[in-house]
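# Per-entry structural report
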Amino acid sequence: PELRQAPEFRHFVLRHRRYLFTVLAIYRYSLGRWRESRIVRTGFCLAQHVDDVLDGDRDVGEDPERYVRGLLEDSRSALVQYVRKELRDLGAEDLLLRLFDLLLFDCRRVTQRLRLTAEELREHHRRTFLYSLDLTLIACRAEVRASDADGLIDALAWCSPMRDLEEDWNKGLIN
């Protein structure tokens, strides 16, 4: 499948209005550095698309895990190829793949009704946001890394599951 930014961003915003702020912030950041910030826009687009598919928020007409693995392994999508190449050049492709492994695990947690201990769950959420923030900082060519913002990682790892608690519970994702 070919992923394109504008239709993907539209889908995100229509799915939940909180993405409007994110999309506007990404575009605001891109002003004056459109070419250099392309990886920020495309990277977010890809990561959110994968997350939506694996969370069941986006029907792709096939098994979500198979779809995502196919998207990443045998991609004919120019957007996916671009993101992987740019992150490889920045030395961060492995972070993207680790993030997607965590998202794939969340998908299996739902389908297999897996339960984690409180500590395992805390660490799982922490790594998810550590990789996400690191990828964002690297794409923005920032000098700091997620490890420099432990408090922010902890806050994100708590806020996101709490915000989505009822929605996740209804899907079978026990957080």
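One structure accompanies this document, and this report is about it. These numbers come from a predicted model, not from an experiment.

## Section: the pattern of salt bridges
- What the rule picks out here adds up to 16 salt bridges.
- Across the salt bridge formed by glutamate 8 and arginine 58, the nearest N and O atoms sit 2.9 Å from each other. Within this pair, whereas glutamate 8 is found in helix 1 (residues 5-15), its partner arginine 58 is found in the loop between helix 3 (38-55) and helix 4 (64-73), the two being separated by 50 residues in sequence. The pair formed by glutamate 8 and arginine 58 is uniform in burial state, with each residue classed as buried.
- A salt bridge links arginine 122 to glutamate 119; the shortest N-O distance between them is 3.2 Å. Of the two residues, arginine 122 and glutamate 119 are both situated in helix 7 (residues 118-139); the distance of three residues between them amounts to about one turn of the helix.
- What makes glutamate 119 partly exposed here is its relative accessible area of 48%.
- One network of salt bridges, with partners in common, ties together Arg15, Asp52 and Asp57.

## Describing the environment of tyrosine 82
- Structurally, tyrosine 82 is set in helix 5 (residues 78-89).
- A relative accessible area of 16% places tyrosine 82 in the buried class.
- Put simply, tyrosine 82 and isoleucine 39 are 43 residues apart on the chain and 8.0 Å apart in space, counted from C-alpha to C-alpha.
- Sequence-distant contacts of tyrosine 82, defined by excluding residues within four places in its chain, comprise Arg38, Ile39 and Thr42.

## A short note on the packing of aromatic side chains
- Going through the model one piece at a time under the given rule, you end up with six aromatic pairs.
- When the centroid spacing of 6.0 Å and the interplanar angle of 40° are considered together, the rings of phenylalanine 9 and phenylalanine 44 count as tilted. Note that phenylalanine 9 is positioned in helix 1 and phenylalanine 44 in helix 3, a separation of 35 residues in sequence. Per residue, the accessibility class of phenylalanine 9 equals that of phenylalanine 44, and both read buried.
- A centroid spacing of 5.6 Å and a plane angle of 40° characterise the contact between tyrosine 27 and tryptophan 34, whose relative ring orientation is tilted.
- With relative accessibility at 45%, the residue tryptophan 34 sits in the partly exposed group.
- Through pairs of rings, three or more aromatic residues link up here, namely Phe9, Phe12, Tyr19, Tyr27, Trp34 and Phe44.
- Its guanidinium or amino end placed over the ring of tyrosine 29, arginine 33 lies 4.1 Å from that ring's centre, counting from NZ or CZ.
- Looking at arginine 38, its charged tip hangs above the ring of tyrosine 82, at a distance of 3.9 Å from the centre.

Conventions and cut-offs
- Residues numbered from 1 in each chain as written.
- Predicted model: local features only at pLDDT ≥ 70, side-chain atom pairs only at ≥ 80, totals over all residues.
- Heavy atoms only, no water.
- Salt bridge = Lys/Arg side-chain N within 4 Å of Asp/Glu carboxyl O.
- Helix = DSSP H or I, 4+ residues; strand = E, 2+ residues; numbered from the N terminus.
- Buried < 20%, exposed > 50% of the residue type's maximum accessible area, 1.4 Å probe, protein only.
- Contact = heavy atoms within 4.5 Å.
- Phe/Tyr/Trp six-rings, centres within 6.5 Å; stacked < 30°, edge-to-face > 60°.
- Lys NZ or Arg CZ within 6 Å of the ring centre and 35° of its normal.

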